[in-house]
Amino acid sequence: MNLKKAMKLYLILETDMIEFPLKEFITSVIKGGVTAIQIRDKFGFLQDKMNTGIMLKKMLPEDFLLCVNDHVDMAASLKIPCVHLGIKDITIEKARAIYPDSLYGYSCNTLEDVQTALDMKADYIGMGPAFPTGTKKDLRDVIGPEGIQELANAAGLPCVAIGGISKLNAHELMGRGIDGIAVSSAICASKDPYRAASELREIAEKL
Ligand code: TZP
Ligand code: MG
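Residues numbered from 1 in each chain as written. Chains lettered and ligands numbered in written order. Predicted model: local features only at pLDDT ≥ 70, side-chain atom pairs only at ≥ 80, totals over all residues. Heavy atoms only, no water.

### Some details on the overall build of the protein chain
(1) Moving on: On a plain count of helices and strands, the protein chain comes out with nine helices and eight strands.
(2) Moving on: In terms of overall size, the protein chain behaves like a compact globule, its C-alpha atoms giving a radius of gyration of 15 Å where 207 residues would be expected to give roughly 17 Å.
(3) Moving on: Expressed as lengths along the three principal axes of its C-alpha atoms, the size of the protein chain is roughly 40 × 40 × 30 Å.
(4) Moving on: Evaluated residue by residue, the protein chain yields a buried proportion of 49% over its 207 residues.
(5) Moving on: When contacts within the protein chain are restricted to residue pairs at least 6 apart in sequence, those whose partners lie at least 24 apart make up 61%.
(6) Moving on: For the protein chain, the exposed area adds up to about 9,800 Å²; of that, 54% sits on carbon and sulfur atoms.
(7) Moving on: Averaged over its 24 positive side-chain charges, the protein chain has a centre that lies 3 Å from the centre of its 27 negative ones. (Helix = DSSP H or I, 4+ residues; strand = E, 2+ residues; numbered from the N terminus. Rg over C-alpha atoms; globule rule 2.2 N^0.38 Å. Buried < 20%, exposed > 50% of the residue type's maximum accessible area, 1.4 Å probe, protein only. Contact = heavy atoms within 4.5 Å. Areas by Shrake-Rupley, 256 points an atom, 1.4 Å probe, with all protein chains shown as cover. Lys, Arg positive; Asp, Glu negative; His and termini not counted. Charge placed at Lys NZ, Arg CZ, Asp CG, Glu CD.)

This is the structure in structure tokens:
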């Protein structure tokens, strides 16, 4: 898998925000240009996330970058190819002992986090929050486009910016050394998810 290419438009799935049947929504956003999906649903039941994972595995091509937030065990049991972890989760080293075949992403907010990601041999980095957002409750300090650039330069790994990104501010992330943008509300809460995805993909192509 070409990870940099696969991370161009990375959708963080928060199904509570979605106003359409999930299957219909996924079909629309894939047509619109989403290149990766992370099952997050931070406060959802694990059984529901498992069902979402089973459905997405059936719908998406085998080489699609499908990720699971936090739940290494769920990813391993469904053979989902990627797990996303952060400072509050088990380490990537421990996760690899459970599920060695997975790709691992790591959330970074500081240069120290980037060093941790490199030490743990993360496959990619999610860096942010780029902008203020209400989607994540335990939000760390907003680092802005300059902070994103600083972390991307230090990382030298495939990376996406995350946090409060919309079609109104995504252009501020151009030329910052990132490979893609990760969004939740800008697509999940949209009345026209196809359009939201295609507008963001157009911007992501110019990063
Ligand atoms: N991690 C940092 S900010 C964030 C996560 C999961 C929330 C992203 O959601 P939105 O709606 O795109 O700001
Ligand atoms: Mg986590």
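### Looking at the sheet that holds strand E3 (residues 65-69)
(1) Moving on: The parallel closed barrel is built from eight strands, whose spatial order is E1-E2-E3-E4-E5-E6-E7-E8. Neighbour-to-neighbour, the strand axes of this sheet turn through a mean angle of 25°, independent of strand direction.
(2) Moving on: With four bridges joining them, strand E2 (residues 36-39) and E3 adopt parallel strand pairing. Across the sheet, Ile-37 pairs through a bridge with Leu-66, a residue of E3. (Pairing = 2+ DSSP bridges. Axes fitted to C-alpha atoms, helices over the stretch in contact; angles between N-to-C directions.)

### Here's the deal with the site of ligand 1
(1) Moving on: Neighbouring residues of ligand 1: Arg-40, Thr-133, Thr-135, Lys-136, Leu-139, Ile-162, Gly-163, Gly-164, Val-183, Ser-184 and Ser-185.
(2) Moving on: Here an oxygen atom of ligand 1 and a backbone polar atom of Ser-184 are 2.8 Å apart.
(3) Moving on: Bound to the protein, ligand 1 loses 93% of the 370 Å² it would expose on its own.
(4) Moving on: Tallied by class, the residues present in the shell around ligand 1 amount to three nonpolar, six polar and two charged. (Near = heavy atom within 4 Å. Polar contact = N/O pair within 3.5 Å; in protein donor to acceptor, adjacent residues only side chain to side chain. Nonpolar A, V, L, I, M, F, W, Y, C, P; charged D, E, K, R; others polar.)

### Focus: the coordination of the magnesium ion (ligand 2)
(1) Moving on: Ligation of the magnesium ion (ligand 2) by protein atoms is provided by Asp-70 (OD) and Asp-89 (OD), these donors lying 2.0 to 2.2 Å from the ion. With Asp-70 in the loop between E3 and helix H4 (72-78) and Asp-89 in the loop between strand E4 (82-85) and helix H5 (92-98), this residue pair connects regions lying 19 residues apart in the sequence.
(2) Moving on: According to the relative accessible area criterion, Asp-70 is partly exposed, its value standing at 22%. (Donors = N, O, S within 2.8 Å, 3.2 Å for Na, K, Ca; no water.)

### What about the pairing of E2?
(1) Moving on: Going residue by residue along E2, you find Ala-36 and Gln-38 tucked away on one face and Ile-37 and Ile-39 tucked away on the opposite face as well.
(2) Moving on: In this region the chain leaves strand E1 (residues 9-13), passes through helix H2 (residues 22-32) and returns to the parallel neighbour E2; the handedness of that crossover is right-handed.
(3) Moving on: At this point the chain moves from E2, through helix H3 (residues 46-59), to the parallel E3, and the crossover so formed is right-handed. (Right-handed = clockwise from strand over helix to strand, strands pointing away.)

### Overview of the environment of Gly-33
(1) Moving on: You can see Gly-33 is positioned in the loop between H2 and E2.
(2) Moving on: For Gly-33, a relative accessible area of 9% puts it in the buried group.
(3) Moving on: Note: C-alpha distance between Gly-33 and Ala-155 (122 residues apart in sequence) is 26 Å.
(4) Moving on: Setting aside residues no more than four positions away along its own chain, Gly-33 makes contact with Leu-9, Ala-197 and Arg-201.

### Comments concerning helix H6 (residues 111-119)
(1) Moving on: Buried residues of H6: Asp-113, Val-114 and Ala-117, and no others. Taken end-on, H6 shows its buried residues confined to a sector of 100°, consistent with a single buried face.
(2) Moving on: Of the surrounding secondary structure, the elements contacted by the buried residues of H6 are strand E5 (103-108), strand E6 (124-127) and helix H7 (144-155).
(3) Moving on: Directly beyond the C-terminal end of H6, a positive phi value near 55° is found at Lys-121. (Arc of directions from axis to C-beta.)

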